[in-house]
Amino acid sequence: MRGFAQLFLITISILLTSCTLFKERPAKTFHDATGGEGLERVFWTNVKNKKWQDLDRVISSNFVATLPDNQLGRDEWFNRIKQMELQEFSIGELRVELHGTTMVVTYQITLNGKQAGQPLAANSLRRMSVWQQQKSGWVLIAQSSSG
């Protein structure tokens with residue numbers, strides 16, 4: 001009986017430590033993303049890597065963006081994003097709220113790079129993205145930024 005108890009404890013110990021043996025793998029594509037943080041990180045990585053076709057597929061046809069100085073439709077906003085030469089970004093204070101098939105993601109982001117040839121402001125921006133789950137996967141339907 002004593003040998004069984006020791007074997008049982010060793011087995012349980014191995015199983016519990018195996019959870020920490022494998023590193024968390026960040027999503028690399030929108031298909032891999034399982035939550036709001038993953039969607040946003042893939043979004044900004046695609047902007048950085050200029051993967052416009054991948055972004056085009058996840059931006060809704062009726063997308064709307066609210067900026068501190070303007071409100072833009074899908075095409076105007078997407079053209080503005082395409083002018084971005086993003087070198088790096090960092091996301092913090094992230095919060096995700098799921099409401100049925102809609103996900104609201106709020107976060108603070110710092111962008112390093114250029115927009116239309118001009119350096120991006122060094123300050124952080126507050127963003128809110130609204131994602132909706134559709135047959136094709138998660139689709140970005142709205143985004144707002146301030147700061």
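To be clear, the structure that these remarks concern was listed above.
Residues numbered from 1 in each chain as written. Predicted model: local features only at pLDDT ≥ 70, side-chain atom pairs only at ≥ 80, totals over all residues. Heavy atoms only, no water.

Colleague: Just checking my understanding: could you explain the overall build of the chain for this structure?
Modeller: When helices and strands are counted, the chain shows four helices and seven strands. When the 147 residues of the chain are sorted by exposure, 33% land in the buried category. Taking the intrachain contacts of the chain between residues at least 6 apart in sequence as the baseline, contacts between residues at least 24 apart amount to 50%. When the accessible surface of the chain is split by element, carbon and sulfur atoms take 53% of a total near 9800 Å². (Helix = DSSP H or I, 4+ residues; strand = E, 2+ residues; numbered from the N terminus. Buried < 20%, exposed > 50% of the residue type's maximum accessible area, 1.4 Å probe, protein only. Contact = heavy atoms within 4.5 Å. Areas by Shrake-Rupley, 256 points an atom, 1.4 Å probe, with all protein chains shown as cover.)

Colleague: What should I look at first to understand the side chain of R127 in this one?
Modeller: Relative to the helices and strands, R127 is located in strand 6 (residues 125-134). Notably, R127 is buried but unbridged: the nearest opposite-charge side chain belongs to E40, and the N-O separation is 6.8 Å. Side chain to side chain, R127 and Q143 meet in a polar contact 2.8 Å long. (Lys, Arg positive; Asp, Glu negative; His and termini not counted. Salt bridge = Lys/Arg side-chain N within 4 Å of Asp/Glu carboxyl O. Polar contact = N/O pair within 3.5 Å; in protein donor to acceptor, adjacent residues only side chain to side chain.)

Colleague: Sorry, what's going on with the pairing of strand 6 here?
Modeller: Successive side chains on a regular strand alternate, one facing one side of the sheet and the next facing the other. Pairing of strand 4 (residues 102-115) with strand 6 involves eight bridges; the strand directions are antiparallel. By the bridge assignment for strand 6, V104 is matched with V130. In the sheet, strand 6 pairs with strand 7 (residues 137-146) via nine bridges, with the strands oriented antiparallel. For Q133, the partnering residue across the bridge sits in strand 7 and is W138. Hairpin geometry of strand 6 and strand 7 is characterised by an intervening segment of two residues between the two adjacent antiparallel strands. (Pairing = 2+ DSSP bridges.)

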